[in-house]
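Fold and contact review
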Amino acid sequence: MVAGKKIVRMETTTKNGKGFRKMWRLGFEEVNTSHFDISPDDELVVREGNYQYNIFDIIKKYGTSTEILFPTIIENRVRDLLETFNAYIKVLGYKGRFFYHYPMKVNQNKEFVLPAVAEGANLEVASANELFLVKRMIEQDKFTNRIRVICNGPKTERYIQLIEELRGKGLTVIPIIEDYVELERLSKFSGEVGIRVDLSIKVKSHWDKRFNRFGFTEDELLKLGKIRNLTILHYHISSQVESIDGLVAPVKRALELFSKMKLKNPGLDTLDIGGGAGVPYNKYKNFYSSKNLVQRIVKTAKQTCDALGIKHPNLIVEWGRYVVAPAQITVYRVLAEKDVNNKGKNKWYVVDGSFMNDLIDTWALKQKWHVIPVNNMRNPKLERVWLAGSSCDSDDKYTNGGSHVLLPRLEEGPQFVAFLDTGAYQDSLASHHCLLSSPLKLIASNGEIKVARKRETPEDVGRLFGW
Ligand SMILES: *Cc1c(COP(=O)(O)O)cnc(C)c1O
């Protein structure tokens, strides 16, 4: 175990008179880097209260490729979110209550879920297997019955049986009806249910598809009439929504539908606005603040309900990416450098991990990341770099959208690079192209480093394929 060192001195100036801290965009609240800084030895450090972790020292001890999770970041973000919603509810005179549900699919690792739950998160699950983990948590006393669980995704018989089993144990577990088969099957369910609408509204984001197979259309819902034990109207419009308006306009539209459905379903008392709040992966561009976003949501909900003359419903948000993306970084070692033919002065830096395997959205969605050096952070000699992963695939690369990443010129000694904001979605989508081992997963908490998942051995990886 490498103990996090107590801070002895705070850095106030930068060597060479250059603003490297600013250049790497570290220490900025608005882009989620307030915990990050550069040590006097030009190395990346992450602070947690009175502790600080020197990422270079950790990596020298544990090797690469490595993911490092900072649970304190999850705790702070959940706490902040609850406080911000509750503050605006009070200030704006909103009468409904606020519930945060962490969507487990965004990162199901225990070390992500438990800190969120400890800070007051409820849960949203997308499958029977995720709900099975809730059962585990109950059995291990990590979960109390006051926590509520919302169940999305197609309801297989096994899934419904597990919902009924957990309800029998006293848990508030609420299935969200997504189609006519589920509507029929769940008409016998004795607890609260929700129903999902596919709103006819479009927002700017990769995920807002022209055709959507989730939930009922607005017209279909209005024709359904009374639904037994209905308390929640739910929608999930998209992910990484680019503007506040994209998250606020659906609230208004959904509340208009809500007020009509309430005529036949007087028990309907909650609007679940799903996920979608974005994170500033790009630290050089302005991005909306969660404070402004929350204020606009509560204000819009209040004004819309008052205009419609309905009681203010409780509000649920299921923001996943927003809460966990900034809590993890992924670190690689640069193995080799090569010229990029036909691309000016760009160099390839080949790293000892795979974007296609471990940061799969790089490949799937052309996801952009904030990439910074872990050491030599004040080296003024920088290269324009494309990063190449270790698989044999020509798509296994990170080019920052065909532009480049600036990184220190390679000198004597190893060079490590960190990708920020890798906590959302990458882990459960990870794969084993070329049978590369998955990264080691470390947890940095209370000044200590713990191994959460060992680096896979050749035996481990072979076993996955029947060897
Ligand atoms: C994926 C998903 C979420 C989380 O979305 P984020 O964009 O990560 O906030 C929330 N609710 C549902 C129903 C989802 O499918």
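Keep in mind it's a predicted model, so treat the numbers as computed, not measured. (Residues numbered from 1 in each chain as written. Predicted model: local features only at pLDDT ≥ 70, side-chain atom pairs only at ≥ 80, totals over all residues. Heavy atoms only, no water.)

1. Description of the packing of aromatic side chains
The way to describe two aromatic rings as a pair is by their centre distance and the angle between their planes. Stated precisely, the cut-off is as follows: Centres within 6.5 Å are what make two rings of Phe, Tyr or Trp a pair, Trp counting through its six-membered ring; a difference in plane orientation under 30 degrees is then read as stacked, over 60 as edge-to-face, and the rest as tilted. The helix count covers DSSP runs of H or I at least four residues long, the strand count covers runs of E at least two residues long, and both are numbered beginning at the N terminus. Throughout, exposure labels follow a simple rule: accessible area from a 1.4 Å probe, protein chains only, divided by the maximum for the residue type, with under 20% read as buried, over 50% as exposed, and the rest as partly exposed.
What the rule picks out here adds up to 13 aromatic pairs. Consider the rings of Phe 85 and Trp 319, whose centres lie 5.9 Å apart with planes at 50 degrees: the pair is tilted. Taken together, the residues Phe 85 in helix H3 (residues 71-91) and Trp 319 in the loop between strand S13 (314-317) and helix H11 (321-324) connect sequence positions 234 residues apart. With a relative accessible area of 0%, Phe 85 lands in the buried category. Classification of Trp 319 as buried rests on a relative accessible area of 1%. Ring centres 5.6 Å apart and planes at 90 degrees place the aromatic pair Tyr 332 and Phe 419 in the edge-to-face group. Here the residue Tyr 332 occupies a position in strand S14 (residues 328-339), and Phe 419 occupies one in strand S20 (residues 416-419), the gap between them amounting to 87 residues. Here Phe 419 falls in the buried class, since its relative accessible area comes to 0%. An aromatic cluster of at least three residues, connected via ring pairs, comprises Phe 85, Phe 98, Trp 319 and Tyr 322.

2. Digging into helix H5 (residues 128-139)
Heads up, the rule is: In this analysis, the expected span of each helix is defined as 1.5 Å times one less than the number of residues it contains. Within this analysis, the arc is defined by the directions that extend from the helix axis to the C-beta atoms. Residues are treated as being in contact if the distance between any of their heavy atoms lies within 4.5 Å.
For H5, spanning twelve residues, the distance from its first C-alpha to its last is 17 Å, which sits close to the expected 16 Å at 1.5 Å a residue. Among the residues of H5, Ala 128, Glu 130, Leu 131, Val 134, Lys 135, Met 137 and Ile 138 are the ones counted as buried. Along H5, the residues classed as buried sweep out an arc of 160 degrees about the axis, all on the same side. Exposed and oriented more than 90 degrees from the buried face of H5 are Asn 129 and Glu 139. Of the surrounding secondary structure, the elements contacted by the buried residues of H5 are helix H4 (110-118), strand S7 (122-125), strand S8 (148-151), helix H6 (157-168) and strand S9 (172-177). Asp 141 sits one or two positions beyond H5 and adopts a positive phi of about 60 degrees.

3. Quick look at the nonpolar core
Our working definition: Among buried residues, the Ala, Val, Leu, Ile, Met, Phe, Trp, Tyr and Cys ones that are joined through side-chain atoms within 4.5 Å form a nonpolar core. Throughout the structure description, domain borders are defined by an automatic or database domain assignment.
In this structure, Ile 55 and Val 134 are the most contacted members of the largest nonpolar core, which totals 134 residues. A domain-level breakdown of this core finds at least three residues from each of domain 1 (7-71 + 327-464) and domain 2 (94-318).

4. Comments concerning the sheet that holds strand S10 (residues 193-196)
Counted only if it meets this: Strands were regarded as paired on the criterion that DSSP finds at least two bridges between them. Throughout, an axis means a line fitted to C-alpha atoms (over the contacting stretch in the case of helices), and angles, computed between N-to-C directions, take values from 0 to 180 degrees.
Taken in spatial order, the eight strands line up as S6-S7-S8-S9-S10-S11-S12-S13 and close into a barrel, and their pairing is parallel. Across the sheet, the mean angle separating the axes of adjacent strands is 25 degrees when strand polarity is ignored. Where S7 and S8 come together, three bridges link them in parallel fashion. Following the sheet pairing, Val 125 is matched in S8 by Cys 151.

5. Concerning unusual backbone geometry
Residue Thr 64 is joined to Ser 65 through a cis peptide bond whose omega torsion reads -5 degrees. Relative to the elements of secondary structure, Ser 65 occurs in the loop between helix H2 (55-62) and strand S5 (66-69). Phi at Tyr 425 is positive, roughly 75 degrees, even though this residue is not glycine. Along the chain, the position of Tyr 425 falls in the loop between S20 and helix H14 (426-429). Exposure remark for Tyr 425: the relative accessible area of 15% places this residue in the buried category. Even without a glycine there, the phi angle at Asn 446 is positive, about 50 degrees. Along the polypeptide, Asn 446 turns up in the loop between strand S21 (440-445) and strand S22 (448-453). Classification of Asn 446 by relative accessible area gives exposed; the value is 54%.

6. Structural notes on the site of the ligand
Rules: A molecule or strand has a residue near it when one of that residue's heavy atoms lies within 4 Å. Pairs of N or O atoms are called polar contacts if they sit within 3.5 Å, as long as, within protein, a hydrogen donor faces a hydrogen acceptor (for residues adjacent in sequence, only side-chain-to-side-chain pairs). A 1.4 Å probe and the Shrake-Rupley method give the accessible areas. Residues count as covered only by the protein chains that appear here. Amino acids are sorted into nonpolar (Ala, Val, Leu, Ile, Met, Phe, Trp, Tyr, Cys and Pro), charged (Asp, Glu, Lys and Arg) and polar (every other residue, Gly among them).
Around the ligand, the surrounding shell holds 16 residues, and the nearest of these are Lys 105, Ser 239, Glu 318, Gly 320 and Tyr 425. Residue Lys 105 places a side-chain N or O atom 2.7 Å away from an oxygen atom belonging to the ligand. Glu 318 has a polar side-chain atom sitting 2.5 Å from a nitrogen atom of the ligand. When the ligand sits alone it has 390 Å² of accessible area, and the protein chains cover 92% of it. Counted by class, the shell around the ligand contains four nonpolar, seven polar and five charged residues.

7. Examining a nonpolar patch on the surface
Applied cut-off: The patch calculation keeps residues exceeding 30% relative accessible area without a salt bridge and links them within 9 Å when they carry like charges or within 5 Å when they are nonpolar (Val, Leu, Ile, Met, Phe, Trp, Tyr). What counts as a salt bridge is simple: a side-chain nitrogen of Lys or Arg found within 4 Å of a carboxyl oxygen of Asp or Glu.
Where nonpolar side chains cluster on the molecular surface, the patch consists of Leu 435, Leu 464, Phe 465 and Trp 467 and spans about 530 Å² of accessible area. Relative to the helices and strands, Trp 467 is located in the segment after helix H15 (458-464). The exposure class of Trp 467 is exposed, given its relative accessible area of 81%.

8. Details of the domain arrangement of the protein chain
Inclusion rule: Buried area: the accessible area, evaluated with a 1.4 Å probe, that two parts lose upon being put together, summed over both parts.
Looking at the assigned domains, one finds that the protein chain contains domain 1 (7-71 + 327-464) and domain 2 (94-318). On a C-alpha basis, the centres of domain 1 and domain 2 stand 34 Å from each other. With both sides pooled, the region where domain 1 packs onto domain 2 buries about 1,800 Å², and carbon together with sulfur makes up 56% of that total. In this structure, the connection of domain 1 to domain 2 is made through two salt bridges. Of the charged contacts in the structure, one is a salt bridge between Lys 283 and Asp 421, with a shortest N-O distance of 2.6 Å. At the surface where domain 1 touches domain 2, the tally comes to ten residue pairs in polar contact (both at pLDDT 80 or more). If you list the elements that add at least two residues to the side of domain 1 that touches domain 2, you get H14, S21 and S22. By residue class, the composition of the side of domain 1 that touches domain 2 is twelve nonpolar, seven polar and seven charged.

9. Observations regarding a negative patch on the surface
This is how it is decided: Positive charge is attributed to Lys and Arg, negative charge to Asp and Glu, and no charge count is given to His or to the chain ends. A charge is said to be at NZ when it belongs to Lys, at CZ for Arg, at CG for Asp and at CD for Glu.
A contiguous patch of negative charge, built from Glu 29, Glu 30, Asp 80 and Glu 83, is present on the exposed surface. Examined against the element boundaries, Glu 83 turns out to sit in helix H3.

10. Re the environment of Leu 271
Mapped onto the elements of the fold, Leu 271 is located in strand S12 (residues 270-272). Since its relative accessible area comes to 0%, Leu 271 is described here as buried. Once the C-alpha coordinates of Leu 271 and Ala 126 are considered, the two residues, 145 residues apart in sequence, prove to be 18 Å apart.

11. Topic: the pattern of salt bridges
Scanning the model with the defined rule gives 22 salt bridges in all. The residue Asp 37 makes a salt bridge to Arg 21 at a minimum N-O spacing of 2.9 Å. Of this pair, Asp 37 sits in strand S2 (residues 36-38) while Arg 21 sits in helix H1 (residues 20-23), and the two are 16 residues apart along the sequence. Of the residues examined, Asp 37 reaches a relative accessible area of 3% and is grouped as buried.

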